[in-house]
Amino acid sequence: MSSPRILVVDDEADLRELLEITLVKMGLDVDSASTVREARSLLGQTEYALVLTDMRLPDGTGLELVREVAGTGRGTPIAVITAYGSAENAVIALKAGAFDYVSKPVVLDDLRTMVRSALRLSEKPAAQAAQDAEAGIEAGNSRLLGRSQAMQALRAQIGRLARSQAPIAINGESGSGKELAAREIHAQSARAGKPFVAVNCGAIPEALMEAEFFGYRKGAFTGATDERDGFFQAANGGTLMLDEVADLPLAMQVKLLRAIQERRVRKIGATAEEAVDVRIISATHKNLARLVENGQFRQDLFYRLNVIELTLPPLRERLDDLPLLADAILVRLAGPGNARLGAGVLDALRGYAFPGNVRELENVLERALAFANDGVIEVGDLSLKGARLAGQGEAPQLQALAQAAAAPVPAPAAAQGASASAPTMAPTPAPPDSLPALGAGELPSNLPDYLCQIERDIIQRALQQTQFNRTQAASLLGISVRQLRYQMQKLDIHAPEP
Ligand SMILES: Nc1ncnc2c1ncn2[C@@H]1O[C@H](COP(=O)(O)OP(=O)(O)OP(=O)(O)O)[C@@H](O)[C@H]1O
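Residue positions within a chain follow its written sequence, with the count starting from 1. Local features in this predicted model are restricted to residues whose pLDDT is 70 or higher, and side-chain atom pairs enter the listing and the counts only when it is 80 or higher, whereas totals over whole chains, interfaces and linings include all residues. To get the side-chain values, take all heavy atoms of the structure and skip hydrogens and water.

A. Up close: the site of the ligand. Nearness here has a simple test: a residue counts as near a molecule or strand if at least one of its heavy atoms is within 4 Å of that partner. The immediate surroundings of the ligand are formed by 20 residues, with Leu-145, Lys-178, Leu-180, Glu-362 and Arg-482 found nearest. In this structure, Asp-243 approaches the ligand through a side-chain N or O atom, which is 3.4 Å from an oxygen atom. The contact in question runs from an oxygen atom of the ligand to an N or O atom on the side chain of Glu-362, over 2.9 Å. Mapping the ligand onto the cavity grids shows that it belongs to the largest pocket. Strands are runs of DSSP state E lasting at least 2 residues, helices are runs of H or I lasting at least 4, and numbering of each runs from the N terminus. Elements that contribute at least two residues to the shell around the ligand include exactly α8 (178–188) and α16 (357–371). What qualifies as a polar contact is a pair of N or O atoms within 3.5 Å, subject to a donor-acceptor requirement within protein and to the restriction that residues adjacent in sequence count only when both atoms come from side chains. Throughout, the protein atoms alone are placed on a 1 Å grid, and a set of points is a cavity if a 1.4 Å probe fits but cannot get out or a pocket if it is open with protein on both sides within 12 Å along at least five of seven lines; lining residues have an atom within 4 Å of a point. Any molecule with more than half of its atoms within 2 Å of a cavity's or pocket's grid points is counted as sitting in it.

As structure tokens, this is what we get:
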């Protein structure tokens, strides 16, 4: 079997040679061109597993080649080499359909990583991928259910986006399926065998953010008893989803931009940076462009994240999907054939605006099923008005915890209730019994542990109050179910065995 063939397009003889040697050492066959014309001619004769082109060429630009190669629809990945510091060029190329980019001076490890990704992709040619996607739709294999035109278009777009490494910004109302779409992109991409890590940016106290994202070295701060990886290292080779990205504090936005641009991170307490290879998918239900205008979100980060936009339609704009979604949800809740909608229920659902989208539909049906006789949900079992979701909130008590991290630690006597309703009324949560009581003005010896224990205690109390009903507990705490799930996982809180 012949080796995959790569086309290198660069007019700088030295760099071209370095690239050729590196690729040949990887066991690949290489053709080279030094002009757009030569590249075109080779592209007309040979099917390449990857095209790697410099941006500036004597008779044109690499961007022209990107457009031409992307325009053939054959799915040949094409990556560009950009000059140092010209991040804008990289973004322009990605928007034009480039699969990925490497910056000059070329770091050979980065180049190898990118090439391996491209080769994984070409193991499954575009035509095959398109067939698979169609089969997925037909057989209902896609996680994103729905036969409406909007959903079909979305699935097709996801199939295309999965073949690139470009950052994607997913917009859509709360509960409309942003995380599901991100998972689908990852699952269909060359990164599928590597981790998908979803991070809820609104759920992490600001004081802990850097450690959570980039990790820390042993001894970096009091309580750092072991070296720990951050989200970037955990997602290495795979996809990092930044959910609720609008909630990132400005200081963290700067650090994140750097990590994304340099593709390198530095653990707290480390002297050296480490290379990370992650594809970033961000999501928000807020209008990021407006936040940029208001100075609440950095323009440069916005530009970096928003290379390709994917918009999820709200459920009320695709009501034709209601029967399919409702059936799938009922099967999941009650098992096949055990639950169904009674007369008039679909019409009632169609008349509802579903501000919380598919997640709200799930909640409405779960609640209704609890009232239903013999698994038949009647109109009277639906409590649509009360079915508002907690997921639209801002995690105030977590922000309050972050504020508590910056504020003097309260003496136990000053303890108040933990369910703050607004960050401006930051509560001073009572330290749980397991924590040593602090005297006035005293500081905890290990702030992260102290905060984690307070958080664990609050979440456990909410779960106990609601008999471990996560939807209700999340609602009590003013956070989304996802945020609660995330915190439970992180803090190792489990539901008791039945
Ligand atoms: N098209 C769909 N088909 C099947 N299930 C869906 C679809 N869209 C959303 N869901 C389900 O709805 C719930 C919410 O989806 P998801 O968490 O992806 O939404 P989100 O937009 O990321 O929400 P949030 O804005 O709160 O973060 C999940 O349980 C998901 O499985």
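Moving on from the model shown.
B. Examining the packing of helix α2 (residues 36–45) against helix α3 (residues 62–71) more closely. It is the contact of α2 with α3, at a shortest axis distance of 11 Å, that shows an interaxial angle of 15°. Comparing the axis directions of α2 and α3 gives the class roughly parallel. For the element pair α2 and α3, the recorded crossing hand is right-handed. Every residue of α3 that contacts α2 at Val-36, Ala-39, Arg-40 and Leu-43 is listed here: Glu-64, Leu-65, Glu-68 and Val-69. A breakdown of the residues in the contact of α2 with α3 according to their chemical character gives 5 nonpolar, no polar and 3 charged. A fitted line through C-alpha atoms represents every axis, and for helices the fit uses only the stretch in contact; the resulting angles, taken between N-to-C directions, go from 0 to 180 degrees. Convention used here: angles under 35 degrees read as roughly parallel, angles over 145 as roughly antiparallel, angles from 65 to 115 as roughly perpendicular, and any remaining angle as oblique. Left-handed describes a crossing whose near helix is turned anticlockwise from the far helix by less than a right angle; the clockwise case is right-handed. In what follows, residue pairs with any heavy atoms lying within 4.5 Å of each other are defined as contacts. Classification convention: Asp, Glu, Lys, Arg as charged; Ala, Val, Leu, Ile, Met, Phe, Trp, Tyr, Cys, Pro as nonpolar; all other residues, Gly among them, as polar.

C. How the structure looks around unusual backbone geometry. In this structure, Pro-105 follows Lys-104 across a cis peptide bond, with omega equal to -5°. With respect to the secondary-structure elements, Pro-105 resides in the loop between β7 (100–103) and α5 (108–122). Of note in this structure, Glu-244 is not a glycine but carries a positive phi near 50°. Relative to the helices and strands, Glu-244 is located in the loop between β10 (239–243) and α11 (250–262). One non-glycine residue, Asp-492, lies in positive phi territory at about 60°.

Function cannot be read off these values alone, since they describe shape.
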